[in-house]
Amino acid sequence: LVKGGVTYKNERVEEDSREYEMRDSAGYSMPHTADALNLIYSLRSKNDLNSNKVEVFLQDTYKFKGRDNETFFSLNYGLRFSYWDYNGESLLSPRASLTVIPKFNPDLTFRFATGLYYQTPFYKELRDTVTTGGITRVVLNENIKSQRSIHFIAGTDYRFRLNDRPYKFSAEAYFKALSDIIPYNVNNLKISYYGENLCSGYIAGIDAKIYGEFVPGADSWLSLGYMAAKQKLHGKTIPMPTDQG
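This text gives an overview of the structure that appears in the document. Quantities reported herein were computed from a predicted structural model and do not represent experimental measurements. (Residues numbered from 1 in each chain as written. Predicted model: local features only at pLDDT ≥ 70, side-chain atom pairs only at ≥ 80, totals over all residues. Heavy atoms only, no water.)

### Description of the overall build of the chain
- Scanning the chain from N- to C-terminus turns up 1 helix and 16 strands.
- A compact globule built from 245 residues would reach a C-alpha radius of gyration of about 18 Å, whereas the chain, at 25 Å, exceeds it by more than 25%.
- With the principal axes as the frame, the chain shows a C-alpha extent of 85 × 45 × 40 Å.
- Burial analysis of the chain (245 residues in total) assigns 29% to the buried set. (Helix = DSSP H or I, 4+ residues; strand = E, 2+ residues; numbered from the N terminus. Rg over C-alpha atoms; globule rule 2.2 N^0.38 Å. Buried < 20%, exposed > 50% of the residue type's maximum accessible area, 1.4 Å probe, protein only.)

This is the structure in structure tokens:
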């Protein structure tokens, strides 16, 4: 079954913002000067972004049997193309996934997937800053690139019955090689992006989950997972804000 689609997006963002920060300690403004009252931080941003995106995708699912005529395969593969006129970036993203139900146990399923994925930056990720005379101005980085990730995923599902109730166990291991990362800082509820493709990195982990009726008539689950997310910034490997390792 072949599927396809075309998407056109127009994004319009207008920003007119000002941010100020004053710090006071025991009656003294910081930084402290004898003849002036200075703010520790001042930001001015007035920008207008009007951009267009075009996305096209095609995908197909091919189902077939193995030589024994009892092992079942399902292959889903596709291709996605996108163009963004803000930075003139054209991207091509192939991806594929394979599902196998083996002859020796039809309640067991193996899953494998890989693909090349891009994440186009949104407005906040374009914002770079320049500080002159203690005042910070926001400029938009017209040379920004989409963040890239190559995925490798392997998983399995096993369906069984216990105490005459159905259960399903799922496990998955994954590795994602990242490049052109736009790093960011988290300060309380505020997320501030660097506005540049400064990092490479990786995300790796494993998840396990069991579904079933632990209590008769009520679906519930128990899950366990581990993930490590690292990025290399200015030659140093540091955890990403989402790192759990």
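### Some thoughts on the packing of aromatic side chains
- Counted by the stated rule, this structure contains 8 aromatic pairs.
- Ring geometry for Y62 against F64: centres 5.1 Å apart, planes inclined by 25 degrees, an arrangement best described as stacked.
- You can call F64 partly exposed: its relative accessible area is 29%.
- Ring centres 5.2 Å apart and planes at 35 degrees place the aromatic pair W84 and Y86 in the tilted group.
- With a relative accessible area of 3%, W84 lands in the buried category.
- You can call Y86 buried: its relative accessible area is 16%.
- Joined through ring pairs, the aromatic side chains of Y158, F160, Y167 and F214 make up one cluster.
- Sitting over the face of the ring of Y174, K176 holds its NZ or CZ atom 5.8 Å from the ring centroid. (Phe/Tyr/Trp six-rings, centres within 6.5 Å; stacked < 30°, edge-to-face > 60°. Lys NZ or Arg CZ within 6 Å of the ring centre and 35° of its normal.)

### A look at the environment of D85
- Relative to the helices and strands, D85 is located in the loop between strand 5 (72-84) and strand 6 (89-101).
- On the basis of relative accessibility, which here comes to 33%, the residue D85 falls in the partly exposed class.
- Spatially, the C-alpha atom of D85 lies 9.6 Å from that of N50, the residues being 35 residues apart in sequence.
- Residues contacting D85, with those up to four places away along its chain left out, are S51 and N52.
- One polar contact links the side chain of D85 to the main-chain amide nitrogen of N52, over a distance of 2.8 Å. (Contact = heavy atoms within 4.5 Å. Polar contact = N/O pair within 3.5 Å; in protein donor to acceptor, adjacent residues only side chain to side chain.)

### Some thoughts on the pattern of salt bridges
- Scanning the entire structure with this criterion turns up 13 salt bridges.
- The residue E55 makes a salt bridge to R80 at a minimum N-O spacing of 4.0 Å. One end of the pair, E55, is in strand 4 (residues 41-65); the other, R80, is in strand 5, and 25 residues separate them in sequence.
- A relative accessible area of 31% means that R80 is categorised as partly exposed.
- Across the salt bridge formed by D243 and K230, the nearest N and O atoms sit 3.3 Å from each other. Taken together, the positions of D243 in the segment after strand 16 (236-239) and K230 in strand 15 (residues 218-233) put the pair 13 residues apart, joining distant regions of the chain.
- Using a relative accessible area of 18% as the deciding quantity, one classes D243 as buried.
- Several salt bridges share partner residues, and in doing so they unite D16, R18, R44 and K46 into one network. (Salt bridge = Lys/Arg side-chain N within 4 Å of Asp/Glu carboxyl O.)

### Details of the pairing of strand 16
- Relative to strand 16, strand 15 runs antiparallel, the two being bridged by 4 bridges. Bridge assignment links L233 to a residue of strand 16, and that residue is K236.
- Turn length for the strand 15-strand 16 hairpin, with the two strands adjacent in sequence and antiparallel, is 2 residues, and the turn residue H234 shows positive phi of about 55 degrees. (Pairing = 2+ DSSP bridges.)

### Regarding the side chain of S17
- With respect to the element layout, S17 can be found in strand 1 (residues 2-21).
- Reaching out from S17, the side chain makes a polar contact with the side chain of E15 at a distance of 3.0 Å.
- Residues in contact with S17, not counting those within four places in the same chain, are L43, R44 and S45.

### Re unusual backbone geometry
- Positioned with a positive phi, D164 is a non-glycine residue whose angle comes to about 65 degrees.
- Topologically, D164 is positioned in the loop between strand 10 (147-162) and strand 11 (165-181).
- Residue classification places D164 among the exposed residues on the basis of a relative accessible area of 66%.
- The phi dihedral of H234 is positive, around 55 degrees, even though this residue is not glycine.
- Tracing the chain through its elements places H234 in the loop between strand 15 and strand 16.

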